[in-house]
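# An overview of the molecular structure
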Amino acid sequence: MEKQSYSFRSSLHGFNRADVIDFLEKLSASHETELRERDEELRILREELADAKSSLELAQTEIDLFRIGEETAPEEAPVPQQDGPEQSDPNRELEAYRRAERYEREAKARAEKLCSDASDAVRQAGVQLEDRQAKMYSATDALSADFAALQAAVSEMLGEMSNTRDRLARMEQDLVAED
């Protein structure tokens, strides 16, 4: 909720209750909306992180399969030459290995970025929540101080009214006594 100034109408025994309740409901609704937005951002970041982890696992599987192929291939046996697209070519295998390593690096970098972004979003949400809480406490303290001042003013006014009533009563008695 943006920083705004609120004023409450006064009533006989303090501030107008409806104004105060309306203010607190608006503040609560704003807070809940921001929490939902942060939860949605966090859900999206978690999905992106899961996608990155999936890509990383896929790249790791490719690398593992390539390594298994290297380990199990007999070194002395000549590689049979085949015609067509399935022909085994050391350059092609090397390129596949390099591509798998690149995918792995990219997936790790993306996963780290997503984790960092998620941590930043959670940290930022926490800071905002603490800020909102501090503002709510500050608003509550200000309301309490205003309420106490209003109570003191009402008490003073009631005292003055009582003194005035007493003076008027004395004046009336003096007038009756003069007659």
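Attention shifts here to the overall build of the protein chain. Check the secondary structure of the protein chain and you find 2 helices and 2 strands. Counted from the first residue to the last, the protein chain has its helices and strands arranged as β-β-α-α. Long-range pairs, those at least 24 residues apart, make up 79% of the contacts in the protein chain with a sequence separation of at least 6. Carbon and sulfur atoms make up 53% of the accessible area of the protein chain, which totals about 14100 Å².

Among the structural elements, glutamate 34 can be located in helix α1 (residues 17-72). When its relative accessible area of 18% is taken as the criterion, glutamate 34 is described as buried. Among the polar contacts listed, one links the side chain of glutamate 34 to the side chain of arginine 132, at a separation of 2.6 Å.

Bringing the pattern of salt bridges into the picture now. Pairing is possible between side chains of opposite charge, provided their charged atoms come close. A full pass over the atoms with the stated rule returns 10 salt bridges. For glutamate 104, the salt bridge goes to lysine 108, with nearest N and O atoms at 3.5 Å. Of this pair, glutamate 104 and lysine 108 both sit in helix α2 (residues 90-178), 4 residues apart, roughly one helical turn. Of the residues examined, glutamate 104 reaches a relative accessible area of 14% and is grouped as buried. According to the relative accessible area criterion, lysine 108 is partly exposed, its value standing at 41%. Across the pair aspartate 117 and lysine 113 runs a salt bridge whose closest N-O atoms are separated by 3.1 Å. Taken as a pair, aspartate 117 and lysine 113 lie in helix α2 at a separation of 4 residues, close to a single helical turn. In this structure aspartate 117 comes out as partly exposed when scored by relative accessible area, which is 26%.

Take the confidence of the model for the protein chain next. Parts of the prediction with low pLDDT should not have their coordinates interpreted in detail. In this model, the protein chain carries a mean pLDDT of 78, and residues with pLDDT of at least 70 account for 81%. Mean pLDDT values over the elements of the protein chain span from 63, in strand β1 (residues 10-11), up to 84, in α2. Note on residues 73-87: pLDDT is under 50 here. Beyond four places in sequence and across chains, it has 6 contacts.

This paragraph deals with α2. Here α2 spans 129 Å end to end across 89 residues, near enough to the 132 Å set by a 1.5 Å rise per residue. Tyr97, Ala100, Glu104, Ala107, Ala111, Leu114, Ala118, Ala121, Ala125, Arg132, Leu143 and Leu150 are the residues of α2 that are buried.

Residues Met157, Leu158 and Met161 make up a contiguous nonpolar surface patch of about 320 Å² in total accessible area. One can find methionine 161 in helix α2.

With that settled, the discussion passes to the environment of leucine 143. Tracing the chain through its elements places leucine 143 in helix α2. Spatially, the C-alpha atoms of leucine 143 and phenylalanine 15 are 9.0 Å apart, while their sequence positions differ by 128 residues.

This part takes up the environment of alanine 100. Structurally, alanine 100 can be placed in helix α2. For the pair formed by alanine 100 and isoleucine 63, sequence separation is 37 residues and the distance between their alpha carbons is 5.8 Å. Filtering out sequence-adjacent residues up to four positions away, alanine 100 remains in contact with Ala59, Glu62 and Ile63.

Conventions used here
- Residues numbered from 1 in each chain as written.
- Predicted model: local features only at pLDDT ≥ 70, side-chain atom pairs only at ≥ 80, totals over all residues.
- Heavy atoms only, no water.
- Helix = DSSP H or I, 4+ residues; strand = E, 2+ residues; numbered from the N terminus.
- Contact = heavy atoms within 4.5 Å.
- Areas by Shrake-Rupley, 256 points an atom, 1.4 Å probe, with all protein chains shown as cover.
- Buried < 20%, exposed > 50% of the residue type's maximum accessible area, 1.4 Å probe, protein only.
- Polar contact = N/O pair within 3.5 Å; in protein donor to acceptor, adjacent residues only side chain to side chain.
- Salt bridge = Lys/Arg side-chain N within 4 Å of Asp/Glu carboxyl O.
- pLDDT = per-residue confidence, 0-100.
- Expected span 1.5 Å × (residues − 1).
- Patch = residues over 30% accessible without salt bridge, like charges linked within 9 Å, V, L, I, M, F, W, Y side chains within 5 Å.

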